Amino acid sequence: MRRMTCEPRANWLKTVQDQGLMWATLDDDETSKYWDESAYYVITAEEQALLEKATTELHQMCLKAAQVVIDKKLYAEFGIPEHMVPMIDASWEAEPPSLYGRFDLVLKNGAVKMLEYNADTPTSLLEAAVIQWAWFEDTRYGSDQFNSIHDRLIDTWKYFSDWIKGPVAFTSADAIEDGFTTEYLRVTAEKAGYQTDIFPIAEMGWDGTEFVSGNSSARIGTIFKLYPWEWLAHEEFGQYLPKSKATWIEPAWKMLLSNKGILSVLWDLYPGHPYLLETRLKEPPVLDGWVRKPKLGREGANVHVYGEAETDGDYGEEGFVYQRNANIVPFDGNYPVIGSWIVGQEAAGIGFRESGNTIIANTSRFVPHVME
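A. Molecular detail of the packing of helix H4 (residues 125-139) against helix H5 (residues 149-159). Running from amino to carboxyl end, H4 crosses H5 at an angle of 115°, the nearest separation of the two axes being 8 Å. Taken together, H4 and H5 sit at an angle that is classed as roughly perpendicular. Together, Leu-125, Ala-128, Ala-129 and Val-130 of H4 and Ile-149, His-150 and Leu-153 of H5 make up the contact between the two elements. Here the contact of H4 with H5 is composed, by residue class, of six nonpolar, one polar and no charged.

Set out below in structure tokens:
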């Protein structure tokens, strides 16, 4: 793997905004970039195969770890509200549709290490599936790109036809990235043949029996929500979630995999596994060489890489996990983390995020990649 510099395309900002990436810059000009095509990463075919294999295997390992949590009833250790436990158990047994997830991985010296699994509400999807593919088609810097995310999403929606009857409601928080990502996923569902509806989650209601659409007050049979389960559980209508007969995408059991407590369960289940970093629920006696992460943290908030970097934020009340430092190798002062996508049950492609330190936060740059 290597990092190459290059000239951005002419009118690159308008190009990616026209494709839906309205958060390509972090301010009103082009000086502070989220989407950064002044560089790109190059991976070999062997590295692509390794990432694909590791992603698929890690997903299966995580499913086995979720079974352990359910069998041993470790919900309290994960900070899961009691009223959500029946919904988690029921969704696990029923096996409703699970669309996607994103592993954050480090590739170093021919080895893959898992940092975490964003299994419930992963973002950076539009830029990975569409924006960087369009960049590759325009530039042709490499021979290919590890990226079948868009087509896999459409194909996976088609497999859900036994579960989905009637329109699919799409909802998210009223934030620009969440809204456009949800709109993109709605388009993939329509391409798979479904009728859809979309509205902010604040407009979703409860009619006493079922959740209803913010647009028509019609009862919702299938709900895709880009909104964390742990937030839903604490909303005013959270008490009604277990009563809902709707099909939720992602399903409630994804609460277990998006919680970083699953990292400690994985290590206990697969101690010393080459894809894993040792992770504990209790603080180690010596903190050098460890990273502290909130169990329900997002976008790199409240992460402490001891001796290197630390971020603030609003997370941590639910507790922390302690993970061995992956010791990410910088490229020209940039620390890359690979977001590797699982769509359905298979690896589908990757995207690179990079930062000037070892913590990937919400403002860290997305950089395209190619294969050689």
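B. Local environment of helix H3 (residues 85-94). All of the buried residues in H3 are Val-85, Met-87, Ile-88, Ser-91 and Trp-92. Seen from one end, H3 has its buried residues packed into an arc of 165°, which puts them on one side. In the core, the buried residues of H3 are packed alongside helix H2 (45-72), helix H7 (229-234), strand E10 (247-249) and helix H8 (254-258). Of the residues trailing H3, Glu-95 is marked for its positive phi of about 55°.

C. Looking closely at a nonpolar patch on the surface. On the surface, a nonpolar cluster with roughly 250 Å² of combined accessible area is contributed by Met-22, Ile-176 and Phe-180. Residue position: Phe-180 is located in helix H6 (residues 176-191). Given the relative accessible area of 34%, Phe-180 is considered partly exposed.

D. Fine view of the sheet that holds strand E1 (residues 2-5). A sheet is described by the order of its strands in space; here three strands give the open sequence E1-E2-E19, paired in mixed fashion. Looking along the sheet, the strands with just one partner apiece sit at the ends: E1 and strand E19 (369-371). Between one strand axis and the next, the sheet turns by 30° as a mean value, whatever way the strands run. In this sheet, strand E2 (residues 39-43) lies alongside E1 in antiparallel orientation, the contact comprising four bridges. Following the sheet pairing, Arg-3 is matched in E2 by Tyr-41.

E. Geometry of the nonpolar core. Counting residues in hydrophobic clusters, the biggest one holds 67 residues, and the most contacted among them are Met-114 and Trp-248. Of all the elements, H2 adds the most residues to this core, at 11 residues. Those residues within four positions of Met-114 in sequence are excluded, and the remaining contacts are Leu-58, Cys-62, Phe-103, Asp-104, Leu-105, Leu-263, Leu-266, Tyr-275, Leu-276, Leu-277 and Gln-323. Core analysis: the second largest hydrophobic core is formed by 41 residues, Tyr-34, Leu-125, Ala-129 and Trp-135 among them.

F. Region of interest: the side chain of Asn-147. On the secondary structure map, Asn-147 appears in the loop between H4 and H5. Here Ala-128 takes part through its backbone oxygen, which lies 2.8 Å from a polar atom of the side chain of Asn-147. Residues within four places of Asn-147 in sequence aside, it is in contact with Ala-128, Ala-129, Gln-132, Trp-133, Ala-348 and Gly-349.

G. Molecular detail of the side chain of Thr-171. Take Thr-171: it is sitting in strand E5 (residues 168-172). You can call Thr-171 buried: its relative accessible area is 1%. There is a polar contact of 2.9 Å between the side chain of Thr-171 and the backbone oxygen of Phe-199. In terms of polar contacts, Thr-171 uses its side chain to reach the backbone amide nitrogen of Ile-201, at 2.9 Å.

H. Structural view of the pattern of salt bridges. Evaluated as defined, the whole model comprises 20 salt bridges. The partner of Lys-53 in a salt bridge is Glu-57, and the shortest N-O contact between them spans 2.8 Å. Here Lys-53 and its partner Glu-57 are both found in helix H2, four residues apart, which amounts to about one turn of the helix. The partner of Arg-324 in a salt bridge is Glu-278, with the nearest N and O atoms 3.1 Å apart. With a gap of 46 residues between them, Arg-324 in strand E15 (residues 320-324) and Glu-278 in the loop between helix H9 (261-269) and strand E11 (279-280) connect regions that are remote in the sequence. Residue classification places Glu-278 among the buried residues on the basis of a relative accessible area of 18%. One continuous salt-bridge network, built from bridges that share partners, spans Arg-3, Asp-36, Glu-354 and Arg-365.

I. Region of interest: the sheet that holds strand E16 (residues 335-343). Taking strand neighbours across the sheet as the criterion, the five strands line up as E4-E3-E16-E17-E18 in an open arrangement whose pairing is antiparallel. A single partner strand is all that each edge strand has here, and the edge strands are strand E4 (111-118) and strand E18 (365-367). Taking the axes of each pair of neighbouring strands and ignoring which way they run, one obtains an average angle of 35° across the sheet. Inspection of the sheet shows E16 paired to strand E17 (residues 346-355) by nine bridges, in the antiparallel sense. Opposite Tyr-335, over in E17, you have Ser-355 as the bridge partner. The strands that H2 touches are strand E3 (100-108), E4, E16 and E17; relative to E3, the one it contacts most, it runs at about 130°.

Basis of the calculations
- Residues numbered from 1 in each chain as written.
- Predicted model: local features only at pLDDT ≥ 70, side-chain atom pairs only at ≥ 80, totals over all residues.
- Heavy atoms only, no water.
- Axes fitted to C-alpha atoms, helices over the stretch in contact; angles between N-to-C directions.
- Helix = DSSP H or I, 4+ residues; strand = E, 2+ residues; numbered from the N terminus.
- Parallel < 35°, antiparallel > 145°, perpendicular 65-115°, else oblique.
- Contact = heavy atoms within 4.5 Å.
- Nonpolar A, V, L, I, M, F, W, Y, C, P; charged D, E, K, R; others polar.
- Buried < 20%, exposed > 50% of the residue type's maximum accessible area, 1.4 Å probe, protein only.
- Arc of directions from axis to C-beta.
- Patch = residues over 30% accessible without salt bridge, like charges linked within 9 Å, V, L, I, M, F, W, Y side chains within 5 Å.
- Areas by Shrake-Rupley, 256 points an atom, 1.4 Å probe, with all protein chains shown as cover.
- Salt bridge = Lys/Arg side-chain N within 4 Å of Asp/Glu carboxyl O.
- Pairing = 2+ DSSP bridges.
- Core = buried A, V, L, I, M, F, W, Y, C linked by side-chain atoms within 4.5 Å.
- Polar contact = N/O pair within 3.5 Å; in protein donor to acceptor, adjacent residues only side chain to side chain.

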